[in-house]
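Observations on the three-dimensional arrangement
Chain by chain, the residues run as shown.
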Amino acid sequence: VARTASDAGALASNMSDFGTEELSARGVRAQARPFSYFDAFVKTFSDAYDRESNPDGYINLAVAQNNLTVDLLHDRFNDALKELSPSTTAQYDDMKGSHALRCAMARHMTRRVVADDSVEAVRAEDLVLSSGAGTVIENLVFCVCNEGDGVFIPSPYYPAFPNDLRARLGVQTVPVSSTRSSASRGQVCLPQVGADYDQAARRRNIEERKDLHMKMILLSNPSNPQGIIYSREDMEETIVWAVSQKLHVISDEIYACSIFGEGGHAFVSAINIVEKLIKDALDRGDAEFAQNCRDYVHVVYGMSKDFCASGYRVGALWTQNAGIHRALDNVSYFCAIPGPMQHALAIVLNDDEFLDGFFEENRKRLRKQYATVAERIDASVIEIVPTSGMFVYFNLRKYLPEIQPTYEDEHRLWNHIYTEAKVVLTPGKDCASDEPGWFRMCFAAVPEHTLRQAIERIRAAFETIRDSSRC
C-alpha cells in the first residue's frame, strides 16, 4: 500500500510500465497523469480529514466541487426519484437526451443562463445532453478537430483541460496569455484578438517544431480558476474575430448560476451574444456571417457546479451546427444518461419554486464561505477578488525566492504546503499561469470548519518558511 505521495507515484509508475507493449498508442498516451498533483489528489480520498475520526488527515482544496448546498438538491432529487417513472425509462431513448429532459434543461437555461426576455428562448432541439460537461467538450472537439490539431485556451485555465483533449483525442492545447490583463490591478481581460493568439501559436509552433492547425478557442465564463466574469465587450470581440477566422468557439458556462459577489461585470451568455450578432448580420444583409455564427459558436453547461451535483454526470451542449448534431446522433450512444435519472432530473428542473430558492441559498453559502477565506488569508495575496464559481486564485510569490523565482520554486512551495499542512492546492503551473507563485483554492469543496482548519494549517506552514529564512 502506498503510504506517501512519492510511494503513490512510484506505484503508479510501476503499474504504468506493466503491459505497455500491449497497449495502443492511445492507451499509452492515456497513462499520463491528468495533472501534476494527481497522486496527492487521489491520496486524500483514502486519508481524508475528519475532525472527529481523522483530525490529522489530508484536506483537498484542489477539487472544484460545491458541497455547500448539496443537501437541498439531493433531498429534492430523492423526492423526484420516488415519483412513478414510465416504463419507457428502462428502454432506449434519444441518446442525445430524452425530450422531457432537454425541454426542462432548455427552460432552465432560458430562464437563468440566458436570462434576457429580448433573446429567443433556448430550443430543446439545439441541446445535446451527455454524461458530464467534460464528456460534452470532448465529444464536441472530437467532431471538429483531428488528432494533432490545436485548441487555444486563454490562460490561466482549468487545469484538466489539456488532459481532457489529449488523453483520447490527441488534440493539443495552446495557452494564450492576455497582454491586456493586470492581476496587480485586479484587471482580468480576454487575450487581445489577433496579436495575443498569433504570439501563442508561434511560441507553440517553435516548441513543437511544426505548425499546429488551430481549430478552436475554448473559453470559461465565469472563469476557472480566477472566479471572474468577462465583459460582454470582451466576449463579443473574441467571438466576432474567431468566427471571421473560421475558428470554433466553445463557451464553457458551467458556473453561470454560481455568481455570489458584487462588482465586476454582469454575466452574459454567449447565446445572448450570438443571437444579437445573427440579428445584426441579417439586418445588414450578411447571411454568410449569420450562418457562420450558428455553425462556429457553441455553449457548454451542466449540473456538476451550479447544482452541487458532480456525481450526477449531466452535461449540456447548445449548438446550432447541423453537422455536429448529426455526428452526435451517433457518438452520444457511448455516453447517454440513464433513463430513470433523466426522468427525475426533468422533474427537478421544472420545479421553479424549488430552484429559485435553491440558487438563492447557494449564492448565500458561497458568499459566506468565501468570506471565511478573505478573513483568514493575508489580503495582499488576493489580487483577484472572485465574484463567481467556488475558488480563489491567489499569489504566494512572496514565499518564493526574490530573484527570478521559477516553477520549480513554486512546486517546492506546493509540496511544503502538502507535506507540512497536509492540504492540497492547485499549483499555477497546471493552470498555465504566466508567472510562478499562483495557487487555486477551491473553498466550497469542504464544510466551513474544515476550511478554517485548512487555512490555519497553511498559515502555520508559512511560519515554518519564515523561521527557516531567519536561520
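The sections below set out a description of the structure shown in this document. What you see is a predicted model; the values in this text were computed from it and never measured. (Residues numbered from 1 in each chain as written. Predicted model: local features only at pLDDT ≥ 70, side-chain atom pairs only at ≥ 80, totals over all residues. Heavy atoms only, no water.)

A short note on the overall build of the protein chain
- Looking only at helices and strands, the protein chain has 16 helices and 12 strands in total.
- Since a compact globule built from 471 residues should have a radius of gyration of about 23 Å, the 22 Å found for the protein chain is in line with a globular shape.
- Across its three principal axes, the protein chain shows a C-alpha extent of roughly 70 × 55 × 55 Å.
- Across the 471 residues of the protein chain, 54% fall into the buried class.
- Expressed as a percentage of contacts within the protein chain between residues at least 6 apart in sequence, the contacts between residues at least 24 apart total 75%.
- Accessible area of the protein chain: about 21,100 Å², with a carbon and sulfur share of 50%. (Helix = DSSP H or I, 4+ residues; strand = E, 2+ residues; numbered from the N terminus. Rg over C-alpha atoms; globule rule 2.2 N^0.38 Å. Buried < 20%, exposed > 50% of the residue type's maximum accessible area, 1.4 Å probe, protein only. Contact = heavy atoms within 4.5 Å. Areas by Shrake-Rupley, 256 points an atom, 1.4 Å probe, with all protein chains shown as cover.)

Digging into unusual backbone geometry
- The residue after Ser155, namely Pro156, is reached through a cis peptide bond having omega 0 degrees.
- With respect to the helices, strands and loops of the structure, Pro156 is situated in the loop between strand 3 (150-154) and helix 7 (161-166).
- In this structure, Pro222 follows Asn221 across a cis peptide bond, with omega equal to 0 degrees.
- Checked against the element boundaries, Pro222 lands in the loop between strand 5 (214-220) and helix 9 (232-244).
- Backbone geometry at Lys422 places phi at a positive 55 degrees, although glycine is not the residue there.
- Along the polypeptide, Lys422 turns up in the loop between helix 15 (407-421) and strand 10 (423-424).

A few points about the sheet that holds strand 2 (residues 127-130)
- The strand order across the open sheet built from 7 strands is 2-8-7-6-5-3-4, with neighbouring strands paired in mixed fashion. Here the strands that pair on one side only, and so sit at the sheet edges, are strand 2 and strand 4 (172-176). Each neighbouring strand pair of the sheet contributes to a mean axis angle of 25 degrees, computed without reference to strand direction.
- Pairing geometry for strand 3 and strand 4, over 5 bridges, is parallel. Bridge pairing in strand 4 places Val151 opposite Thr173.
- In the packing of helix 9 onto the sheet, contacts are made with strand 5, strand 6 (248-252) and strand 7 (297-302), and the angle to strand 5 comes to roughly 165 degrees.
- Strands strand 2, strand 7 and strand 8 (315-319) of the sheet are contacted by helix 12 (residues 322-331), whose axis makes an angle of about 145 degrees with strand 8. (Pairing = 2+ DSSP bridges. Axes fitted to C-alpha atoms, helices over the stretch in contact; angles between N-to-C directions.)

Focus: the pairing of strand 6
- Among the 5 residues in strand 6, 5 count as buried, and that is most of the element.
- Side-chain alternation along strand 6 places His248, Ile250 and Asp252 on one buried face and Val249 and Ser251 on a second face that is also buried.
- In the sheet, strand 5 pairs with strand 6 via 5 bridges, with the strands oriented parallel. Within strand 6, the position partnered with Leu218 by the bridge is Ile250.
- In terms of handedness, the path from strand 5 via helix 9 over to strand 6 forms a crossover that is right-handed.
- As judged from the 4 bridges shared by strand 6 and strand 7, these two strands associate in the parallel manner. Looking at strand 7, one finds that Val249 is bridged to Val297. (Right-handed = clockwise from strand over helix to strand, strands pointing away.)

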